[in-house]
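A structural walkthrough
Single-letter residue listing:
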Amino acid sequence: AQSVTQPDIHITVSEGASLELRCNYSYGATPYLFWYVQSPGQGLQLLLKYFSGDTLVQGIKGFEAEFKRSQSSFNLRKPSVHWSDAAEYFCAVVDLTGGGNKLTFGTGTQLKVEL
Amino acid sequence: DAGITQSPRHKVTETGTPVTLRCHQTENHRYMYWYRQDPGHGLRLIHYSYGVKDTDKGEVSDGYSVSRSKTEDFLLTLESATSSQTSVYFCAIQAGSYNEQFFGPGTRLTVL
């Protein structure tokens, strides 16, 4: 069965600093990977997605993620964090077996931004 | 905005009572999903639907049933609510060029 690990439960960065959130996945075939962001009390917003091709994918809000098959990783990055980026971030992998794009999520990383 | 609404947005109920949550979409997407979100677990799939009257179980389906009698509505029912079902419930639809999932605003359910 597929799985997703987000090793960091909480991360604190200073505004303007760079950010990297880690995500490792386990999946038997070529994975379809996503990053979502959730602001407090809100639903999930899709940041970016990877299906194939270029290993560096660009998303909304200045985020990017790099797919590394050899490391089974899909880390999220941002060069300069803004205070409004404080939120919880979820990595997810799609299970395509049995019909439907069933998502398996990691447990999330809570990002705090210090001003 | 993927045109997804969930009702109610908040509900407090007592153990043993039935509860139905509604997910409504306005764009006729075929696939719809119900997830629950709990601290330390991320989101976990409860049930999903691939068309009217076509549904299947997810990872944490015990204690839940679903129905889809119209394309636009996907209902999640807790036949007899338990305290372990206190959670935030999210509905999602599958859309976009790569069949991504888009989420509704969520329903916070508290079972006392």
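Now for a description of the structure that goes with this document. Small disclaimer: the values here were computed from a predicted structure and weren't measured. (Residues numbered from 1 in each chain as written. Chains lettered and ligands numbered in written order. Predicted model: local features only at pLDDT ≥ 70, side-chain atom pairs only at ≥ 80, totals over all residues. Heavy atoms only, no water.)

**Considering the overall build of chain B**
Looking only at helices and strands, one finds zero helices and eleven strands in chain B. Its helices and strands taken in sequence order, chain B reads β-β-β-β-β-β-β-β-β-β-β from the N to the C terminus. Relative to the globule expectation of 13 Å for 112 residues, the C-alpha radius of gyration of chain B, 13 Å, shows essentially globular dimensions. If you line up chain B on its principal axes, its C-alpha atoms span 40 × 30 × 25 Å. Looking at the 112 residues of chain B, the share that counts as buried comes to 50%. In chain B, once contacts between residues fewer than 6 apart in sequence are set aside, the share between residues at least 24 apart is 53%. For chain B, the accessible surface area stands at approximately 5300 Å², while carbon and sulfur atoms represent 48% of it. (Helix = DSSP H or I, 4+ residues; strand = E, 2+ residues; numbered from the N terminus. Rg over C-alpha atoms; globule rule 2.2 N^0.38 Å. Buried < 20%, exposed > 50% of the residue type's maximum accessible area, 1.4 Å probe, protein only. Contact = heavy atoms within 4.5 Å. Areas by Shrake-Rupley, 256 points an atom, 1.4 Å probe, with all protein chains shown as cover.)

**As for the packing of aromatic side chains**
The final tally for this structure, using the stated rule, is 19 aromatic pairs over all chains. Look at F34 of chain A and Y36 of chain A: their rings are 6.2 Å apart centre to centre, the planes differ by 35°, and that puts the pair in the tilted class. What makes F34 of chain A buried here is its relative accessible area of 1%. You can call Y36 of chain A buried: its relative accessible area is 0%. Ring plane angle 85° and centroid distance 6.4 Å describe the contact between F90 of chain A and F105 of chain A, whose orientation is recorded as edge-to-face. Note that F90 of chain A is positioned in strand β10 (residues 87–95) and F105 of chain A in strand β11 (residues 102–105), a separation of 15 residues in sequence. Within the aromatic cluster, the residues linked to one another by ring pairs are Y32, F34, Y36, F51, F90 and F105 of chain A together with Y31, Y33, Y35, Y48, Y50 and F103 of chain B. (Phe/Tyr/Trp six-rings, centres within 6.5 Å; stacked < 30°, edge-to-face > 60°.)

**Structural notes on the pattern of salt bridges**
Residues and elements named next belong to chain A. In total, this model carries nine salt bridges over all chains according to the counting rule given. Across the salt bridge formed by D8 and R22, the nearest N and O atoms sit 2.9 Å from each other. Of the two residues, D8 sits in the loop between β1 (3–5) and β2 (10–14) while R22 sits in the loop between β3 (19–21) and β4 (24–26), which places them 14 residues apart along the sequence. Judged by relative accessible area, D8 falls into the buried class, the value being 18%. Judged by relative accessible area, R22 falls into the partly exposed class, the value being 38%. Connected via shared salt-bridge partners are E64, E66 and R77. (Salt bridge = Lys/Arg side-chain N within 4 Å of Asp/Glu carboxyl O.)

**Details of the sheet that holds strand β8 (residues 73–78) of chain B**
Paired through their backbone hydrogen bonds, the strands of a sheet run either parallel or antiparallel. Residues and elements named next belong to chain B. The four strands are arranged β1-β3-β8-β7 in an open sheet whose pairing can be described as antiparallel. The open sheet is flanked by β1 (4–7) and β7 (64–70), the only strands paired with a single partner. Taking the axes of each pair of neighbouring strands and ignoring which way they run, one obtains an average angle of 20° across the sheet. By the bridge criterion, five bridges tie β7 to β8 in an arrangement that is antiparallel. Considered in β8, the bridge of V66 is made with L76. (Pairing = 2+ DSSP bridges. Axes fitted to C-alpha atoms, helices over the stretch in contact; angles between N-to-C directions.)

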